[in-house]
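Geometric and topological summary
The residues making up each chain are set out below.
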Amino acid sequence: MSTHLGAAPGQIAPYVLMPGDPYRARWIAETFLEDPVQYNDVRGMLGFTGTYRGVRVSAQGSGMGQPSMAIYAQELFQDFDVEAIVRVGTCGGLSETVSVRDVILGVSASTDSAMNVPRFGQVSFAPTADFTLARLAAEVAEERLLPVTAGGLFSSDQFYSPDTEITETLAGYGVLGVEMETAALYTLAAQFSRRALALCTVSDHLLTGEKTSSQERQETFEDMIVVALESIVRLEAVRPSR
Ligand code: HPA
């Protein structure tokens with residue numbers, strides 16, 4: 001048992017898909033997992049465990065923003081010995097090289113958050129995806145001809161940011177999308193020597209103003225979940241969980 005996850009030891013799988021929205025966690029469990037069992041409803045942050053092609057997988061909401069993500073990611077790694085977390089979220093497109101409905105495979109996550117200041121002081125730590133998971137996800141997407149682009153994410157503390165210049169600057173340095181959670185996830189995976197990857201569907205575009213309809217979001221989201229789950233199946237095949 002941990003503070004924010006009301007699960008018993010062993011109820012959470014070694015592999016966890018994390019959408020921001022807890023209802024998305026329920027939808028993932030009901031749509032893709034066999035025999036899903038709900039293990040958490042503390043604060044409405046639903047979590048479920050089932051199996052996907054014979055591999056135990058959980059789907060757990062993270063909530064919005066790095067503080068919320070950090071609470072759940074730390075408890076998953078520290079209290080439930082989770083081996084890998086794949087964030088499955090949305091982001092705003094920053095670069096002309098991505099369009100709405102594309103999926104960004106977040107290789108790194110720059111941030112305006114001060115969350116890492118107590119950890120690293122003056123040093124600007126570079127939160128980075130797990131290379132094995134990223135490689136497997138890129139392979140799966142390529143085989144299925146899905147539009148996945150690997151590149152940097154910007155984990156912002158502000159959804160309604162008054163500052164538009166910073167996103168332009170970051171786009172100029174090849175950052176592809178803005179979201180709010182990945183830097184904390186990658187930092188905690190590094191702290192606990194575990195694996196993490198963020199896959200984010202571009203739901204809206206800050207340069208073009210384009211937005212996805214809810215139907216489009218749903219379809220793209222389904223493709224992205226399959227990439228996440230198939231990557232986990234391959235990870236289990238090459239690096240079985242302990
Ligand atoms: N900003 C932050 N997070 C987001 C956005 C955005 O524009 N779109 C989807 N998640």
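Residues numbered from 1 in each chain as written. Predicted model: local features only at pLDDT ≥ 70, side-chain atom pairs only at ≥ 80, totals over all residues. Heavy atoms only, no water.

**A word on the UniProt feature "domain: Nucleoside phosphorylase" (unreviewed entry) in the protein chain**
In this numbering, the UniProt entry assigns the feature "domain: Nucleoside phosphorylase" (unreviewed entry) to residues 15-226. Within the segment residues 15-226, helix and strand shares are 35% and 31% respectively, and the terminal C-alpha atoms sit 14 Å apart. (UniProt positions renumbered as here; feature names shortened; annotations may be inferred. Helix = DSSP H or I, 4+ residues; strand = E, 2+ residues; numbered from the N terminus.)

**A closer look at the pairing of strand β4 (residues 55-60)**
The element β4 is extensively covered by neighbouring structure, given that 5 of its 6 residues are classed as buried. Pairing analysis gives 3 bridges linking strand β1 (residues 15-18) to β4, with the strands arranged parallel. Each residue of the ladder has a partner; that of Tyr15, found in β4, is Val57. Strand direction decides the pairing type here: strand β3 (residues 47-52) and β4, joined by 6 bridges, are antiparallel. Across the sheet, residue Tyr52 finds its bridge partner in β4, namely Val55. (Buried < 20%, exposed > 50% of the residue type's maximum accessible area, 1.4 Å probe, protein only. Pairing = 2+ DSSP bridges.)

**Focus on the pattern of salt bridges**
Tallying each qualifying case throughout the model produces 11 salt bridges. Glu139 is the salt-bridge partner of Arg135, the closest N and O atoms lying 3.5 Å from each other. Placement of both Arg135 and Glu139 in helix α4 (residues 131-143) is noted, with a separation of 4 residues, approximately one turn of the helix. The class of Glu139 is partly exposed, set by a relative accessible area of 32%. Between Glu230 and Arg144 there is a salt bridge, with its nearest N and O atoms 3.8 Å apart. Taken as a pair, Glu230 in helix α7 (residues 214-238) and Arg144 in the loop between α4 and β7 (148-155) lie far apart in primary sequence, 86 residues in all. Among the residues examined, Arg144 registers a relative accessible area of 43% and is labelled partly exposed. Shared partners join several salt bridges into a network, and the residues in it are Arg135, Glu139, Glu143 and Arg234. (Salt bridge = Lys/Arg side-chain N within 4 Å of Asp/Glu carboxyl O.)

**Some details on the packing of aromatic side chains**
Note on aromatic pairs: each is described by the distance of the centres and the angle between the planes. Across all of its chains, the model carries 5 aromatic pairs by this definition. Note on Phe159 and Tyr160: the rings are 4.8 Å apart at their centroids and 75 degrees apart in plane angle, and the pair reads as edge-to-face. Of the two residues examined, Phe159 and Tyr160, each falls in the exposed class. In textbook terms, an aromatic cluster arises when at least three aromatic residues are bridged by ring pairs, as seen for Trp27, Phe32 and Phe221. A cation over an aromatic ring shows up here: Arg24 above the ring of Trp27, its NZ or CZ 5.7 Å from the ring centre. Sitting over the face of the ring of Phe221, Arg24 holds its NZ or CZ atom 3.9 Å from the ring centroid. (Phe/Tyr/Trp six-rings, centres within 6.5 Å; stacked < 30°, edge-to-face > 60°. Lys NZ or Arg CZ within 6 Å of the ring centre and 35° of its normal.)

**Section: the site of the ligand**
In the vicinity of the ligand, the contacting residues are Thr90, Cys91, Gly92, Phe159, Val178, Glu179, Met180, Ser203, Asp204 and Leu206. The backbone of Gly92 places a nitrogen or oxygen atom 3.2 Å from a nitrogen atom of the ligand. A distance of 3.0 Å separates a nitrogen atom of the ligand from a polar side-chain atom of Asp204. Across the complex, the protein chains shield 88% of the 260 Å² of accessible surface that the ligand would expose by itself. (Near = heavy atom within 4 Å. Polar contact = N/O pair within 3.5 Å; in protein donor to acceptor, adjacent residues only side chain to side chain. Areas by Shrake-Rupley, 256 points an atom, 1.4 Å probe, with all protein chains shown as cover.)

**Side note on the nonpolar core**
Counting residues in hydrophobic clusters, the biggest one holds 73 residues, and the most contacted among them are Ile12, Leu17, Ile85, Leu197, Leu199 and Ile225. Here this core gets 10 residues from one element, more than from any other, and that element is α7. Aside from chain neighbours lying at most four places away, what touches Ile85 is Val16, Met18, Ala73, Leu76, Phe77, Leu185, Arg195, Ala196 and Leu197. (Core = buried A, V, L, I, M, F, W, Y, C linked by side-chain atoms within 4.5 Å. Contact = heavy atoms within 4.5 Å.)

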